[in-house]
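Structural overview
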Amino acid sequence: MLEKDVKVQLKEEILDILGICINCRFCFPSCPRFDITIGENSCGGSGLTRSLYYAIKWDMKDKASLTELRDLLYSCMTCKNCEVACKKLSTATKLLDAIEKGKQLLLEEMIGPMPDQKRALASLEKYGNPYGMAPSERKEWMQGLSAPRFSKEMDVLFYVGCTAPHDPMVARMAKAIVALLEKANVKFGIIEDEICCGNPSLSMGERLLFEDISAKNLDRFKSLGVKHIVTLSPHCFDTFMNRYPEESMQGIKVQHYTQFLADLIDRKALVFKKKIEATAVYQDPCYLGRHNEVYDAPRKVLHNIPGIKLVEFNKSKVDSVCCGGGGGRMFADFESETDRIANLRVKEALGIGTGMVVTACPWCLINMVDGVKSVNVEDKLAVKDLAELCLEAL
Ligand code: SF4
Ligand code: SF4
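Residues numbered from 1 in each chain as written. Chains lettered and ligands numbered in written order. Predicted model: local features only at pLDDT ≥ 70, side-chain atom pairs only at ≥ 80, totals over all residues.

**Thoughts on the overall build of the protein chain**
Counting secondary structure elements, the protein chain contains 18 helices and eight strands. Taken over 394 residues, the protein chain has a buried fraction of 50%. (Helix = DSSP H or I, 4+ residues; strand = E, 2+ residues; numbered from the N terminus. Buried ≥ 20, exposed ≤ 12 C-beta atoms within 10 Å, placed from the backbone.)

**Comments concerning the site of ligand 1**
The environment of ligand 1 is made up of 15 residues, and the closest members are Cys21, Cys24, Cys27, Ser46 and Cys86. Residue composition of the shell around ligand 1, grouped by class: eight nonpolar, six polar and one charged. (Near = placed C-beta within 6 Å. Nonpolar A, V, L, I, M, F, W, Y, C, P; charged D, E, K, R; others polar.)

**Observations regarding the domain arrangement of the protein chain**
Annotation of the protein chain at the domain level lists domain 1 (3-112), domain 2 (116-265) and domain 3 (269-392). For domain 1 versus domain 3, the distance between C-alpha centres works out to 28 Å. On the domain 3 side, the residues contacting the 10 residues of domain 1 number 16 residues. Of the residues that constitute the side of domain 1 that touches domain 3, the class distribution is seven nonpolar, two polar and one charged. (Domains from an automatic or database assignment. Contact = placed C-beta atoms within 7 Å.)

**Focus on the sheet that holds strand β4 (residues 253-256)**
Strand order across the open sheet formed by four strands is β2-β1-β3-β4, with parallel pairing between neighbours. The sheet terminates laterally at β2 (188-189) and β4, the two strands that pair on one side only. Across the sheet, helix α14 (residues 257-266) touches β3 (228-231) and β4, and the angle it forms with β4 is around 95°. (Pairing = 2+ DSSP bridges. Axes fitted to C-alpha atoms, helices over the stretch in contact; angles between N-to-C directions.)

**Section: helix α3 (residues 46-57)**
The terminal C-alpha atoms of α3, which comprises 12 residues, lie 16 Å apart, in line with the 16 Å expected from a rise of 1.5 Å per residue. Those residues of α3 lying buried are Ser46, Gly47, Leu48, Thr49, Leu52, Tyr53 and Ala55. (Expected span 1.5 Å × (residues − 1).)

**Some thoughts on the packing of α14 against helix α15 (residues 296-303)**
The N-to-C vectors of α14 and α15 enclose an angle of 50°; their axes lie 8 Å apart at closest approach. Judged on the interaxial angle alone, α15 and α14 are oblique. Here the hand of the crossing between α14 and α15 comes out left-handed. Contacts from Thr258, Gln259, Leu261, Ala262 and Ile265 in α14 reach Ala297, Pro298, Lys300 and Val301 in α15. When its residues are assigned to classes, the contact of α14 with α15 shows six nonpolar, two polar and one charged. (Parallel < 35°, antiparallel > 145°, perpendicular 65-115°, else oblique. Left-handed = near helix turned anticlockwise from the far one by under 90°.)

**A look at the sheet that holds strand β5 (residues 278-282)**
In sheet architecture, strand pairing relies on hydrogen bonds along the backbone and comes in two forms, parallel and antiparallel. The four strands are arranged β6-β5-β7-β8 in an open sheet whose pairing can be described as parallel. Looking at strand neighbours, the two that pair on one side only are β6 (308-311) and β8 (382-385), the edges of this open sheet. Averaged over all pairs of adjacent strands, the angle between strand axes in this sheet comes to 35°, irrespective of strand direction. Bridge count between β5 and β6: four bridges; the pairing is parallel. Within the sheet, the bridge partner assigned to alanine 280 lies in β6 and is leucine 310.

**Structural notes on unusual backbone geometry**
Omega for the bond connecting glycine 112 with proline 113 falls within 30 degrees of zero, at 0°, which places this linkage in the cis form. The residue proline 113 is located in the loop between α6 (95-108) and α7 (115-127) in this model. With a phi close to 80°, lysine 80 is a non-glycine residue in the positive phi region. With respect to the secondary-structure elements, lysine 80 resides in the loop between α4 (63-74) and α5 (81-89). Judged by the 20 C-beta atoms lying within 10 Å of it, lysine 80 falls in the buried class. Unusually for a residue other than glycine, asparagine 376 sits at a positive phi of about 65°. As for its placement among the helices and strands, asparagine 376 is situated in the loop between α17 (362-375) and β8.

**A word on the site of ligand 2**
Lining the immediate surroundings of ligand 2 are 16 residues, of which Cys31, Cys76, Cys79, Asn81 and Cys82 lie closest. Mapped onto the shell around ligand 2, the elements with two or more residues apiece are α2 (32-36), α5 and α6. Class assignment of the residues belonging to the shell around ligand 2 gives a composition of nine nonpolar, five polar and two charged.

**Quick word on the pairing of β8**
Here strand β7 (residues 356-359) runs beside β8; their pairing, made up of four bridges, is parallel. Bridged to valine 357 within β8 is valine 383. What joins β7 to β8 is α17, and the crossover it makes is right-handed. (Right-handed = clockwise from strand over helix to strand, strands pointing away.)

**Details of helix α13 (residues 234-243)**
The element α13 is largely enclosed, with a buried count of seven among its 10 residues. Packing partners of the buried residues in α13 comprise β1 (156-159), α11 (199-203), β3 and β4.

**Some details on the environment of asparagine 199**
Within the secondary structure, asparagine 199 is located in helix α11. Look at asparagine 199 and you get buried, because 26 C-beta atoms sit within 10 Å. Separated by 40 residues in the primary sequence, asparagine 199 and threonine 239 place their C-alpha atoms 6.1 Å from one another. Once residues lying within four places of it in the same chain are set aside, the contact partners of asparagine 199 are His235, Cys236 and Thr239.

**Some details on the pairing of β7**
Bridging between β5 and β7 involves three bridges; their strand directions are parallel. Opposite valine 281, over in β7, you have valine 357 as the bridge partner.

**Some thoughts on the nonpolar core**
Counting residues in hydrophobic clusters, the biggest one holds 120 residues, and the most contacted among them are Ile177, Leu261, Met368 and Cys390. The element contributing the most residues to this core is helix α10 (residues 168-183), with eight residues. Residues contacting isoleucine 177, with those up to four places away along its chain left out, are Phe158, Leu232, Tyr257 and Ala387. (Core = buried A, V, L, I, M, F, W, Y, C linked by C-beta atoms within 7 Å.)

Next up, the structure:
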């Protein structure tokens, strides 16, 4: 397809999707960006997509205005709160599809992605991860680990993702999952030179790169005879579940690690013996909860840890609030904004009298730890990944 045709098609698709929005604004109050921008119309739910809609309708060409539009669209956390509100109360407009296509369009126009995200995209293309890690660096987190390399006879592929090799805190999360799988005698393995699932390229509007990465992964899964994938990250989980072609993923079961741990508990392959006395609240990751409706498995795991008293955020499950990290924001400079979003969540946790926030996503973990530091309540509120907590309770 010619370059011009791609743009024309994207514009038509976006106008089609957004044509049913009646601008009732019922989606605004649930948007975390609307919250932190003191209710600016352009900053929440359909505020973002109206800006995109009129930019196309009016054939906006002026670079400064398009750059402003880029900053708006790329600031979306893709948390899906707006879509859920619209489906419940109004016209079920697919806002996230429009936002993703809007990013693709801006990329075609050479306006997107955000300046910092260009580095992440270049690294994805060169190294297969968004963090600029050369293949030898990517393996460093595994030093001293006995985790086997995946081979055909194994039951489960533990798909680690790119953030654990990059961030020591998330590496601990990966090591905890490895230890739990070993403890439960699961026949599992890791792909030593694993590449990204492709999620960051989608969230930055680089559809073609995503197609290239997903094709490489699918070839690899096929040649290795993978039948069951357990992911560390809800983002990899969602990408394999919903963004890889359904026909290519047939015969491959995909689970997030919290679901697999819940199954191991059911089969009595994992039994927690140590008591952990804590009142804990669970932060639903958007891509596990709202995007895939996995609410019960992580709570079931928490209920099985002796001593844990589970409480709920005022806004939890389908109404849960994003940590600020979705939509490719972790690769751009939205830090002060993300900080304010995570801070709100930290204050909410303190308000309900909990001493521990439990997460199950690398970005929730990073943002909540930062939030606790910035609110200066490290002595009052612990942030734990669910796998690490499980390991402590063995
Ligand atoms: S709730 Fe739906 S129809 Fe109403 S403004 Fe938001 S996207 Fe448009
Ligand atoms: S996905 Fe979340 S951050 Fe993005 S517009 Fe909708 S509610 Fe706001």
